[in-house]
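Geometric and topological summary
Letter by letter, the chains look like this.
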Amino acid sequence: MGGVKYKSEKVRRVASIDIGTNTILMLIADIDEACNIYPIADEHAIARLGEGVNETANISEAAIDRAVEILESYRNKITKLKVEKVFAVGTSALRDAKNALQVLKQLEQAIDTRIKVIDGELEAYLSFIGTVVDQSYSVVLDIGGGSTEIIAGNSNKIEFKRSLRVGAVRLTEEFFQFYPPTPNQVLQARNEAKRLFDEIDKKVVKGNVFAVAGTPTTLAAAVLKLKEYDRNKVDGYFLELSDIEALRIEFEQMNVREIVEKFYIHPKRADVILAGTLLLEEFCRNFNLAGIIVSDKGLRYGIIKQKVEEMF
């Protein structure tokens with residue numbers, strides 16, 4: 001299996017798929033009974049499944065077509081790499097849309113696997129166990145497209161978890177209809193983020209604080225001036241509040257094309273990156289953090305960890 005040194009003779013190959021509001025992620029990995037994860041392939045694609053859901057309450061045909069195309073390509077890779085078991089979950093967009101059941105059928109057909117739509121609480125838990133690897137008290141912030149999860153505790157006991165109904169896509173569609181936005185639009189979006197984070201007890205956020213998903217990894221790559229994403233450089237990077245603020249100021253003054261060209265960000269990430277950055281900045285300010293540890297792991301790793309017992 002690719003020359004990897006395994007810690008156990010019992011190894012199974014699995015795939016986890018995270019169908020989010022903006023992205024569809026797939027991790028193919030070998031796992032052993034001690035829950036060691038050996039990544040084989042880590043796929044990332046933007047479907048923007050939640051595009052317009054806030055306004056219409058339905059997932060559009062165009063979004064479904066994008067998602068189906070991505071999932072069909074993932075299915076081909078699953079077959080090629082001889083994956084034994086596939087675990088797929090859907091999050092915010094598939095929780096909220098009125099036509100979610102119809103969409104699920106089409107997506108399940110494309111990937112040839114049942115997709116489990118999980119609630120915000122389970123999403124928070126899986127993001128946490130997928131990110132945190134030691135026993136120390138830690139906090140995980142997961143800024144998605146349609147929701148944001150905050151989870152705190154250690155690997156043995158989750159002490160706090162909250163799913164907020166706000167994310168980079170949802171905030172963008174509400175406040176940033178065009179770029180560059182007006183100062184008043186930025187202020188309104190900031191106030192919305194601040195209002196939500198103010199609901200969280202400040203004592204909860206302490207210890208190691210991680211941020212997962214597209215916003216922090218994109219910002220870390222921008223600070224590192226990476227033309228091509230390199231998870232080895234991004235994972236574990238300490239993203240300082242001053243750098244988050246500096247990027248947010250630049251994003252406020254640019255149109256989407258300029259963001260794409262200067263920071264090498266995918267167009268369907270570039271148009272929501274300001275909203276994501278505002279959420280991350282307000283989180284750090286609200287809890288008096290000098291910065292945050294960027295994690296390239298999160299939900300798709302947690303999905304696999306939760307399923308290890310089923311495989312052995």
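Residues numbered from 1 in each chain as written. Predicted model: local features only at pLDDT ≥ 70, side-chain atom pairs only at ≥ 80, totals over all residues. Heavy atoms only, no water.

**Quick notes on the side chain of Thr 148**
Take Thr 148: it is sitting in strand β7 (residues 148-153). For Thr 148, a relative accessible area of 0% gives the class buried. A polar contact is formed between the side chain of Thr 148 and the backbone oxygen of Val 166, at a distance of 2.8 Å. Those residues within four positions of Thr 148 in sequence are excluded, and the remaining contacts are Leu 141, Asp 142, Ile 143, Arg 162, Ser 163, Leu 164, Val 166, Gly 167 and Leu 279. (Helix = DSSP H or I, 4+ residues; strand = E, 2+ residues; numbered from the N terminus. Buried < 20%, exposed > 50% of the residue type's maximum accessible area, 1.4 Å probe, protein only. Polar contact = N/O pair within 3.5 Å; in protein donor to acceptor, adjacent residues only side chain to side chain. Contact = heavy atoms within 4.5 Å.)

**Thoughts on the sheet that holds strand β6 (residues 138-143)**
Strand pairing in a sheet is mediated by backbone hydrogen bonds. Such pairs are either parallel or antiparallel. Spatial strand order, β8-β7-β6-β9-β11-β10: six strands in an open sheet with mixed pairing. Pairing within the sheet leaves two strands with one partner each, and these edge strands are β8 (158-164) and β10 (238-240). Across the sheet, the axes of successive neighbouring strands diverge by a mean angle of 25 degrees, strand direction being ignored. Where helix α13 (residues 273-286) meets the sheet, its contacts fall on β6, β7, β9 (208-212), β10 and β11 (291-294), and the angle it forms with β6 comes to roughly 155 degrees. (Pairing = 2+ DSSP bridges. Axes fitted to C-alpha atoms, helices over the stretch in contact; angles between N-to-C directions.)

**Describing the packing of helix α10 (residues 241-252) against helix α11 (residues 256-263)**
Look at α10 against α11: their axes get within 9 Å of each other, and the N-to-C directions meet at 135 degrees. One element, α10, and the other, α11, form an angle in the oblique class. Within the contact between the two elements, α10 uses Leu 247, Glu 250 and Phe 251 and α11 uses Ile 259, Lys 262 and Phe 263. A per-class count over the contact of α10 with α11 returns four nonpolar, no polar and two charged. (Parallel < 35°, antiparallel > 145°, perpendicular 65-115°, else oblique. Nonpolar A, V, L, I, M, F, W, Y, C, P; charged D, E, K, R; others polar.)

**Digging into a negative patch on the surface**
Residues Glu 61, Asp 65, Glu 69 and Glu 72 make up a contiguous surface patch of negative charge. Tracing the sequence through the fold places Glu 72 in helix α2 (residues 61-80). (Patch = residues over 30% accessible without salt bridge, like charges linked within 9 Å, V, L, I, M, F, W, Y side chains within 5 Å. Areas by Shrake-Rupley, 256 points an atom, 1.4 Å probe, with all protein chains shown as cover. Salt bridge = Lys/Arg side-chain N within 4 Å of Asp/Glu carboxyl O. Lys, Arg positive; Asp, Glu negative; His and termini not counted. Charge placed at Lys NZ, Arg CZ, Asp CG, Glu CD.)

**Overview of the side chain of Arg 190**
With respect to the helices and strands, Arg 190 occurs in helix α7 (residues 183-197). Side-chain polar atoms of Arg 190 contact the side chain of Glu 282, separated by 2.3 Å. If near-sequence neighbours (up to four positions away) are discounted, Arg 190 is found in contact with Arg 248, Leu 278, Glu 281, Glu 282 and Arg 285.

**Remarks on the pairing of β9**
Burial analysis of β9 places four of its five residues in the buried class, which makes it a mostly covered element. Looking at chain direction, β6 and β9 are connected through five bridges and run parallel. When the sheet's bridge partners are listed, Val 140 is paired in β9 with Phe 210. Examined bridge by bridge, β9 and β11 share two bridges and lie parallel to one another.

**Some remarks on helix α5 (residues 120-131)**
Spanning twelve residues, α5 covers 16 Å between terminal C-alpha atoms, matching the ideal 16 Å at 1.5 Å per step. Along α5, nine of the twelve residues are buried, which leaves the element largely enclosed by surrounding structure. Those residues of α5 lying buried are Gly 120, Glu 123, Ala 124, Leu 126, Ser 127, Phe 128, Ile 129, Gly 130 and Thr 131. The inward-facing, buried residues of α5 abut α3 (92-96), β6, β7, β8, β9 and α14 (299-311). (Expected span 1.5 Å × (residues − 1).)

**Section: the confidence of the model for the protein chain**
Looking at the protein chain, pLDDT values average 90 and 96% of them are 70 or higher. Per-element confidence in the protein chain is highest for β10, whose mean pLDDT is 97, and lowest for helix α1 (residues 53-56), whose mean pLDDT is 81. (pLDDT = per-residue confidence, 0-100.)

**A short note on unusual backbone geometry**
Cis peptide bonds are those with omega within 30 degrees of zero, and the linkage from Tyr 179 to Pro 180 qualifies with -10 degrees. Within the secondary structure, Pro 180 sits in the loop between α6 (168-175) and α7. One non-glycine residue with positive phi stands out, namely Asn 288, at about 55 degrees. By the secondary structure assignment, Asn 288 is in the loop between α13 and β11.

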